[in-house]
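Here are the chains, one letter per residue:
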Amino acid sequence: TSWLIAWCKANDDAHIKLFSDSVKDAKEQGRKKKQSGTPKETYYSQLANAIFSNNEDPEVRLLFQTKPGALIKLVQTRFGTLKRKYNEFNKSLKQTGAGLTYDELQKNPHTKTLIDSQLNKFPWWPDLYGWWRTNPAYNTVFSTADSGQNYECAAL
C-alpha cells in the first residue's frame, strides 16, 4: 500500500484521473478540471508495473511478467479496500471533520487526538483524505453528513 500511495503522489495527473477530479478542487487550486480520455485500466497497469516489476521477490516479478492481469486486478481491489477503510476511519471522526482540510483538522486538539489515535492502524488516511475528502464517490461519510457542503451549487 505504501508503494501505491507513493506512486499516486509522484504521478499527480494519474491519481487525479484515477480518483475523478472534482470541479470544486480544480477551482480551489486555480486550474481546469482534468478529464481523461485514457481508461483507468491504463493507470492501474502503470501502477502495477511500478509496484511489481521491481519487486524484491523474483517470483512476484515473474508472475507480473507472465500474468500481469492478476496483479493489476490486485491493485484495483486494493483501492476498494482502501476506500472501505478510509470511510471507516471517517466514521470514527463523526461529523467533526466534515468539510475541513487536514491542516484544519490538525489545528483542533479534539480532532487531532482522534486522528492520531487511528493512524497506527491506517497510516495512509492523511494522503487519501487530501485526495478524497470532497469526492462523494470515495467519501461516503462526510459528503452526506456535512450540511455546509452545497453540491447543487457546485455543480452549476
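Residues numbered from 1 in each chain as written. Predicted model: local features only at pLDDT ≥ 70, side-chain atom pairs only at ≥ 80, totals over all residues. Heavy atoms only, no water.

Participant: What am I meant to see in the packing of aromatic side chains here?
Facilitator: Given two aromatic rings, their pairing is described by the distance between the two centres and the angle made by the two planes. By the definition in use, this model includes nine aromatic pairs. With centroids separated by 5.6 Å and ring planes inclined at 55°, the aromatic side chains of Y44 and F79 adopt a geometry described as tilted. With Y44 in helix α4 (residues 40-52) and F79 in helix α6 (residues 68-93), this residue pair connects regions lying 35 residues apart in the sequence. The burial state of Y44 is the same as that of F79; both residues are buried. Ring centres 5.8 Å apart and planes at 80° place the aromatic pair F122 and W124 in the edge-to-face group. (Phe/Tyr/Trp six-rings, centres within 6.5 Å; stacked < 30°, edge-to-face > 60°. Helix = DSSP H or I, 4+ residues; strand = E, 2+ residues; numbered from the N terminus. Buried < 20%, exposed > 50% of the residue type's maximum accessible area, 1.4 Å probe, protein only.)

Participant: Before we go on, may I ask you to explain the pattern of salt bridges in this structure?
Facilitator: It is possible for side chains of opposite charge to pair when their charged atoms get near one another. Tallying each qualifying case throughout the model produces three salt bridges. The closest approach of N and O atoms between K112 and D116, which form a salt bridge, is 2.8 Å. Of this pair, K112 and D116 both sit in helix α8 (residues 109-119), four residues apart, roughly one helical turn. (Salt bridge = Lys/Arg side-chain N within 4 Å of Asp/Glu carboxyl O.)

Participant: Before we go on, may I ask you to explain α6 in this structure?
Facilitator: It helps to recall that an α-helix has 3.6 residues per turn; residues three or four apart then point in one direction. Relative to the 38 Å expected for 26 residues at 1.5 Å per residue, α6 spans 38 Å between its end C-alpha atoms, a close match to the ideal helical length. Regarding α6, the residues found buried are L71, I72, V75, F79, T81, L82, Y86, N87, F89, N90 and L93. Once α6 ends, the next one or two residues include K94, with phi positive near 60°. (Expected span 1.5 Å × (residues − 1).)

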